[in-house]
Amino acid sequence: MSADELKEYLATAIELAKEVGPAFKDGFWRKGRFSNTSDFAAEDKLGNEADCVTAVDRYIEKTIFARLRQIYPHHKLVGEESTAESGNG
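The paragraphs below set out a description of the structure included in this document.

Here is what the cut-offs are and how they apply
- Residues numbered from 1 in each chain as written.
- Predicted model: local features only at pLDDT ≥ 70, side-chain atom pairs only at ≥ 80, totals over all residues.
- Heavy atoms only, no water.
- Helix = DSSP H or I, 4+ residues; strand = E, 2+ residues; numbered from the N terminus.
- Buried < 20%, exposed > 50% of the residue type's maximum accessible area, 1.4 Å probe, protein only.
- Contact = heavy atoms within 4.5 Å.
- Areas by Shrake-Rupley, 256 points an atom, 1.4 Å probe, with all protein chains shown as cover.
- Phe/Tyr/Trp six-rings, centres within 6.5 Å; stacked < 30°, edge-to-face > 60°.
- Salt bridge = Lys/Arg side-chain N within 4 Å of Asp/Glu carboxyl O.

## Things to note about the overall build of the chain
The helix and strand tally for the chain stands at 2 helices and 2 strands. Counting over 89 residues, the chain shows a buried share of 27%. Across the chain, contacts joining residues at least 24 apart in sequence account for 35% of those joining residues at least 6 apart. Accessible surface, the chain: about 6,600 Å² in total, of which carbon and sulfur atoms supply 54%.

Now the structure itself:
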């Protein structure tokens, strides 16, 4: 991987962080689109009580994955809240 590719990936990561930042802040402060208590009802992930996920977590990951698929359609993604995509690449 070249230095230019790494710079591009970093720029993309920063752009995506800025894009989901408001949702993260709303989730943290429980206001705006994530003001309902139900948005913070943690559900067990994969039957593991020690590892839970909220609506905010899922929204942020879904948003980031959607953008990454647009920008890098041949890349395979692995997320914290979802399972890894299968395939090569």
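More follows now that the structure is in view.
## Focus on the side chain of Asp26
Inspection of the secondary structure puts Asp26 in helix α1 (residues 3–29). Judged by its relative accessible area of 18%, Asp26 is buried. Sequence-distant contacts of Asp26, defined by excluding residues within four places in its chain, comprise Lys31, Gly32, Arg33 and Phe34.

## What about the environment of Gly79?
Mapped onto the elements, Gly79 comes out in the segment after α2 (55–71). For Gly79 and Ile64, which are 15 residues apart along the polypeptide, the C-alpha to C-alpha distance reads 9.6 Å. If we skip the residues at most four places from it in the chain, Gly79 touches Glu61 and Phe65.

## Quick notes on the packing of aromatic side chains
Any aromatic ring pair is given by two values, namely how distant the centres are and how the planes are angled relative to each other. Inspection of the entire model under this criterion finds 2 aromatic pairs. Pairing Tyr9 with Tyr72 gives two aromatic rings, centres 5.2 Å apart and planes at 80°, and the pair type is edge-to-face. Pair noted here: Tyr9 is in helix α1 and Tyr72 is in the segment after α2, with a separation of 63 residues, a long-range link. Residue classification places Tyr72 among the buried residues on the basis of a relative accessible area of 11%. Judged by centre distance (4.8 Å) and plane angle (90°), the rings of Phe28 and Trp29 are edge-to-face. For the residue pair Phe28 and Trp29, the accessibility class agrees, reading exposed in each case.

## What to know about the pattern of salt bridges
Any two side chains of opposite charge can pair, so long as their charged atoms come close to each other. Counted according to the given criterion, the structure contains 2 salt bridges. Across the pair Glu19 and Arg67 runs a salt bridge, and its minimum N-O distance is 3.0 Å. Of this pair, Glu19 sits in helix α1 while Arg67 sits in helix α2, and the two are 48 residues apart along the sequence. Among the charged side chains, a network of salt bridges with common partners joins Glu15, Glu19 and Arg67.

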